[in-house]
Each structure stands twice: as structure tokens, then as C-alpha cells.
Amino acid sequence: ILGVEAYVAKNKHTDKRPRIDERPYHLILLAKDYMGFQNLIKLTTIAHLEGYYYKPRIDLELLEKYSAGLIGTSACLASETSRLILSNDIDGAKQAALRYQRIFGKENFYFEVQHHPNIPEQIQVNKKLYELSKELSIPLVATNDSHYPRIEDAFAQDVMLCIQTKKTLDDKDRMSYMHEDFSFKSPERMKKDFSDHPEVIENTLRIADR
């Protein structure tokens, strides 16, 4: 399955405003056919050559132009819908979700839910997404924010993160993923994590089959 975790600029992908454009929204794009693959290449090329500002970025206008053959999912806590939910702007989250649904097509956009019980924000976002899914008729899909293959790789990833951010393991004020399981979970584990909502697991397979 070919795809990319894209970064979507808040306005134009060419905007480079300090303290405004440094934190683009996350969005998952998956190619369901050859046209989708070609559009992934176009989007990622434009993101790097024209939209690079801390991250390679695209924008909604580009998404509308190159959305054919793509399935979009709302991504992690850094997505537009998640950030709006966490800021208690539910109307904004609805508008954003419906905009993505319009861009990709009704059958090609999904809300993502992830099982990270040690992250209160994830629990809050999941709860609201289950509600919005029913209200807006946007299907849900179970995913996992994976940063390393196995649970026992967590410490090695933490060391690598320290090297990347020029920190030491003893630093208290640093980025770390040690508080939660960010491994690549097995199908059995995912089924257990989402046993209360089996439909989100079914949608994972439905996307894969496409």
C-alpha cells in the first residue's frame, strides 16, 4: 500500500510566516490505483520544491487538484480535525471534515481512531470522532501511530530521538515517546484494542482491499 503522511499548510503551501506556518496539519494519503500513485508523486514533489518550510507542505487547493485515486484519513492528534476538537471548536472540526470528504469523495475519506490510553488527548479525540462519524456519515478506521517495529525497540528509538534533537536521556524537558506503546501492533492486538468497535477494524481491511 503506497501512501504518505502529508503536511497540509494552514493557508497556502507557499506561505512562510513565522509562528504561524511552522505547524502544518497531518493527513494520510493512500493510493488506491495508478492515478492515485501519480498524484502522490505530484503532491510530494510540489511539497518539497515549493512548499518546504520546516516540513514539505501541500495545501487544500493542491489536494483538490490532485485528489483522484487517493483515499484520505484524518491522521493523528496533529491533524486539523483533532486540533480543532482539542481546542473545543467542534463546528470547525465538522467543517474541516466535510471539506476533506468533499475533496476525496464520500467513500474515500475516513476518521482515524487510535488506541493510546496513556494520552488523555487521544481519548478525548476518539470520543468526539465516534460521535461525529454518526452525525456526518464519515466512516471510522482503526490505525496506530507507529514509530518502531516492536515494543522492545522503544528505548533505541528514544536514544535516536535524543541524537536528532541534540538532547540527552537525562534531560527532563525533551521529546519522548516512552510513555506509550508506539510499536507496530499485531492484528490480534488491534482487534483487542478496538473490541468495542469492531467496525473500525473492518474498515482497516476494507481500505487495504481497495
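If you're wondering where the values come from, they're calculated on a predicted model, not measured in any experiment. (Residues numbered from 1 in each chain as written. Predicted model: local features only at pLDDT ≥ 70, side-chain atom pairs only at ≥ 80, totals over all residues. Heavy atoms only, no water.)

A. Summary view of the overall build of the chain. Each helix and strand counted, the chain has eight helices and six strands in total. Against the globule reference of 17 Å for 210 residues, the chain gives a C-alpha radius of gyration of 17 Å, in line with a compact fold. Taken over the C-alpha atoms alone, the chain extends approximately 45 × 40 × 35 Å along its principal axes. Evaluated residue by residue, the chain yields a buried proportion of 47% over its 210 residues. Long-range contacts, defined here as pairs at least 24 residues apart, represent 72% of the contacts in the chain between residues at least 6 apart. Summing over all exposed atoms, the chain offers an accessible surface of approximately 11800 Å²; the carbon and sulfur share of this is 55%. Taking the 30 positively charged and 32 negatively charged side chains of the chain as two groups, their mean positions are separated by 3 Å. (Helix = DSSP H or I, 4+ residues; strand = E, 2+ residues; numbered from the N terminus. Rg over C-alpha atoms; globule rule 2.2 N^0.38 Å. Buried < 20%, exposed > 50% of the residue type's maximum accessible area, 1.4 Å probe, protein only. Contact = heavy atoms within 4.5 Å. Areas by Shrake-Rupley, 256 points an atom, 1.4 Å probe, with all protein chains shown as cover. Lys, Arg positive; Asp, Glu negative; His and termini not counted. Charge placed at Lys NZ, Arg CZ, Asp CG, Glu CD.)

B. Main features of the packing of aromatic side chains. Applying the stated criterion across every chain yields a total of six aromatic pairs. Seen in terms of ring centroids, tyrosine 53 and tyrosine 54 are 4.9 Å apart; in terms of plane orientation they differ by 90°. Their pairing is edge-to-face. For the pair phenylalanine 109 and phenylalanine 111, a centre-to-centre distance of 6.1 Å together with 70° between the ring planes defines the contact as edge-to-face. Each member of the pair, phenylalanine 109 as well as phenylalanine 111, is classed as buried. Its guanidinium or amino end placed over the ring of tyrosine 100, arginine 99 lies 5.9 Å from that ring's centre, counting from NZ or CZ. (Phe/Tyr/Trp six-rings, centres within 6.5 Å; stacked < 30°, edge-to-face > 60°. Lys NZ or Arg CZ within 6 Å of the ring centre and 35° of its normal.)

C. Main features of the side chain of histidine 13. For histidine 13, the position within the fold is in the loop between β1 (3-8) and β2 (25-31). A polar atom in the side chain of histidine 13 sits 2.8 Å from the side chain of aspartate 59. (Polar contact = N/O pair within 3.5 Å; in protein donor to acceptor, adjacent residues only side chain to side chain.)

D. Expanded view of the pattern of salt bridges. Scanning the entire structure with this criterion turns up 14 salt bridges. The partner of glutamate 80 in a salt bridge is arginine 99, with the nearest N and O atoms 2.8 Å apart. Within this pair, whereas glutamate 80 is found in helix α3 (residues 80-86), its partner arginine 99 is found in helix α4 (residues 90-104), the two being separated by 19 residues in sequence. We classify glutamate 80 as buried; its relative accessible area is 11%. The structure contains a network of salt bridges with shared partners spanning Asp181, Lys185, Arg189 and Asp193. (Salt bridge = Lys/Arg side-chain N within 4 Å of Asp/Glu carboxyl O.)

E. How the structure looks around the side chain of lysine 185. If you trace the backbone, lysine 185 turns up in the loop between α6 (154-165) and α7 (187-193). At 3.3 Å, the side chain of lysine 185 forms a polar contact with the side chain of aspartate 193. Apart from the residues lying within four places of it in its own chain, the contact partners of lysine 185 are His115, Asn144, Met190 and Asp193.

F. Just the nonpolar core, in detail. Counting residues in each nonpolar core, the largest one holds 39 residues, and the members touching the most others are Leu29, Ile58, Leu63, Phe104 and Phe111. The residues contacting leucine 63, other than those within four sequence positions of it, are Leu27, Leu29, Leu43, Ile58, Tyr100, Ile103 and Phe104. Formed by seven residues, the second largest nonpolar core is a distinct cluster that contains Ile28, Ile71, Ala75 and Ile207. (Core = buried A, V, L, I, M, F, W, Y, C linked by side-chain atoms within 4.5 Å.)

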